[in-house]
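# Report on the structure
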Amino acid sequence: MNTRNIVLFAGMALLIVLEGSTTFGGIFGGSWNTALFIVNFGLLSAIMSLGVNMQWGYAGLFNVGVVGFIALGGLAPVLIATPPVTEVWTASGAGRLIFALIVGAGVIALAIVLNNRLRGRARLLALCVTLIGGFFLYRALFDPAAEVVEAFNPATNSNLGGLGLPVLLSWPVGAALAAGAAWLIGKTALGLRSDYLAIATLGIGEIIVAVLKNEDWLARGVKNVIGIPRPVPYEVDLQNSPGFVDFAANFGADPVVASTIVVKLLYAALFLVVLLVLTMATELALKSPWGRMMRAIRDNEVAAEAMGKNVTGRHLQIFMLGSAVCGFAGAMMVTMDSLHNPGTYSPLRFTFLIWVMVIVGGSGNNWGAILGGFLISFLWLKVEAWGPAALDYLTSGMDPTSPLRTHLQDSAAHMRLIALGLVLLLVLRFSPRGLIPEK
């Protein structure tokens, strides 16, 4: 890492210190609580941007469905860590639901076999009969079973529940779910041109989010799953611990504030370990013969294929790896919030913002993706507070009844989008390859 990179990361660290420190008069009007929240948000965003950087920076794959893979990763803590709803499993609903899913998978498998073995009109007829008949059979089995599951205690359950396993196990499971979905998508979509691949992944990402919102039997849909187990203590448990109260008193801190800071520090330590491991792995991979091959494929697919490289196979591989990293981060995020809320999976936050991080930081450079994750996360969170304050100051000399002043103040919510757009334009103008460009 050269001097410029060290200065950039030091500047980012200084911003976070100024956010938390009161020594300099609270320049940003924050606290150590908000500073640590920004750190955790930045760590998660850096991991997500690493995943997108693997796909775009290494292989030139334009994935605009990032939100779908993050959402699949977020499903894992619900399926792995939450306790099972035993009443649903002892009743007939869960068994019938699983049987219906098996039948649906069997219909798809049969259609694939028929498509490979038959030819001509026989194949078309067999596929139509299998898929149409299988669809109605599947719905006839699935719908009544789903109604039974969703009808049980809809205020708190209405889903199958999870396995009750340690929540940290859900992180690699989230990566596996995202990688599995990426394999299914990649087998059909990676043969498309980059613009068509972008359209396909955009649609598929929205389909995944729509399924999570509407299939209550899976994770309660928009009713949300609360109380997901956490790998760190709850704040209230620390506040009720005499040992922790004495520990906070030794520093002259309020136990409530100290508990929130300690919990955020524990999450930051966990997330930092994951980020360091991923960074080391991606750096080693990028400098290996495999990394050089991926960049050669990115730069000239025709020449790489002429040299005997399996371009489609390598694209599928990197598409799965990048999606797995995004899914891993999605599971981490739900674990930190202790809440699964599919309504929060917006393409603006979990696709566009991640792409801005990669572009601003430096596409193809892991350290650039990390820096972009922290910088854009900081701006995304702080401009939300700075925007209204800035507009209040700018319009303070205007007539309070002025329609223009009212319009400007009502537009304060859009300031973060304007600010991020301005940052993106400035970086593309003065450093087109990002703050830390690829070597």
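Residues numbered from 1 in each chain as written. Predicted model: local features only at pLDDT ≥ 70, side-chain atom pairs only at ≥ 80, totals over all residues. Heavy atoms only, no water.

### Some thoughts on the overall build of the protein
Which entries qualify depends on this criterion: Segments assigned H or I by DSSP are reported as helices when at least four residues long, segments assigned E as strands when at least two residues long, and all are numbered from the N terminus. The atom set for the radius of gyration is the C-alpha atoms, and the globule formula is 2.2 Å times the number of residues raised to the power 0.38. Each residue's exposure class comes from its accessible area (1.4 Å probe, protein chains only) as a fraction of the maximum for that residue type: buried when under 20%, exposed when over 50%, partly exposed otherwise. Any two residues whose heavy atoms approach within 4.5 Å are treated as being in contact. In this charge count, Lys and Arg are treated as positive and Asp and Glu as negative; neither His nor the chain ends contribute. Think of each charge as sitting on NZ of Lys, CZ of Arg, CG of Asp or CD of Glu.
Across its full length, the protein holds 19 helices and 2 strands. Taking 22 Å as the expected radius of gyration for a compact globule of 439 residues, we find that the protein reaches 25 Å, a close match to that expectation. Here the protein holds 439 residues, and the buried ones make up 46% of them. At a minimum sequence separation of 6, the contacts of the protein that also span at least 24 residues come to 80%. Computed over 27 positive and 23 negative side-chain charges, the separation of the two mean positions in the protein equals 14 Å.

### A word on the packing of helix H2 (residues 32–59) against helix H17 (residues 366–394)
What counts is decided by this rule: Every axis corresponds to a line fitted to the C-alpha atoms, with the helix fit spanning only the stretch in contact, and the corresponding angles, defined between N-to-C directions, vary from 0 to 180 degrees. Here roughly perpendicular refers to angles of 65 to 115 degrees, roughly parallel to angles under 35, roughly antiparallel to angles over 145, and oblique to all remaining angles. In a left-handed crossing the near helix is turned counterclockwise from the far helix by less than a right angle, and in a right-handed crossing that turn is clockwise. We call Asp, Glu, Lys and Arg charged. Ala, Val, Leu, Ile, Met, Phe, Trp, Tyr, Cys and Pro are nonpolar, and the rest, Gly among them, are polar.
Close contact between H2 and H17 brings their axes to 7 Å; oriented N to C, the two are set at 135°. Here H2 is positioned oblique relative to H17, judged by the angle of their axes. H17 is crossed by H2, and the crossing has right-handed handedness. Packed against H2, whose contacting residues are Phe 37, Ile 38, Val 39, Phe 41, Gly 42, Leu 43, Ser 45, Ala 46, Ser 49, Leu 50, Asn 53 and Tyr 58, the element H17 presents Asn 366, Ala 369, Ile 370, Gly 373, Phe 374, Ser 377, Phe 378, Trp 380, Leu 381 and Lys 382 at the interface. For the contact of H2 with H17, a count of residues per class yields 14 nonpolar, 7 polar and 1 charged.

### Regarding helix H13 (residues 289–299)
The set of residues buried in H13 consists of Gly 291, Met 293, Met 294, Arg 295 and Ile 297. Against the buried residues of H13 lie H2, helix H12 (255–287), helix H14 (301–306) and helix H15 (311–337).

### With respect to the domain arrangement of the protein
To keep it simple, the criterion reads: Domain segmentation is taken from an automatic or database assignment of domains. A 1.4 Å probe defines the accessible area here, and the buried area is the portion of it lost by two parts on being joined, summed over both.
The assigned domain composition of the protein is domain 1 (3–85 + 153–392 + 401–430) and domain 2 (86–152). The gap between the C-alpha centroids of domain 1 and domain 2 is 34 Å. Listed per partner, the contact involves 11 residues of domain 1 and 13 residues of domain 2. For the pairing of domain 1 and domain 2, the buried interface totals around 1000 Å² over both sides, and the portion due to carbon and sulfur atoms is 66%.

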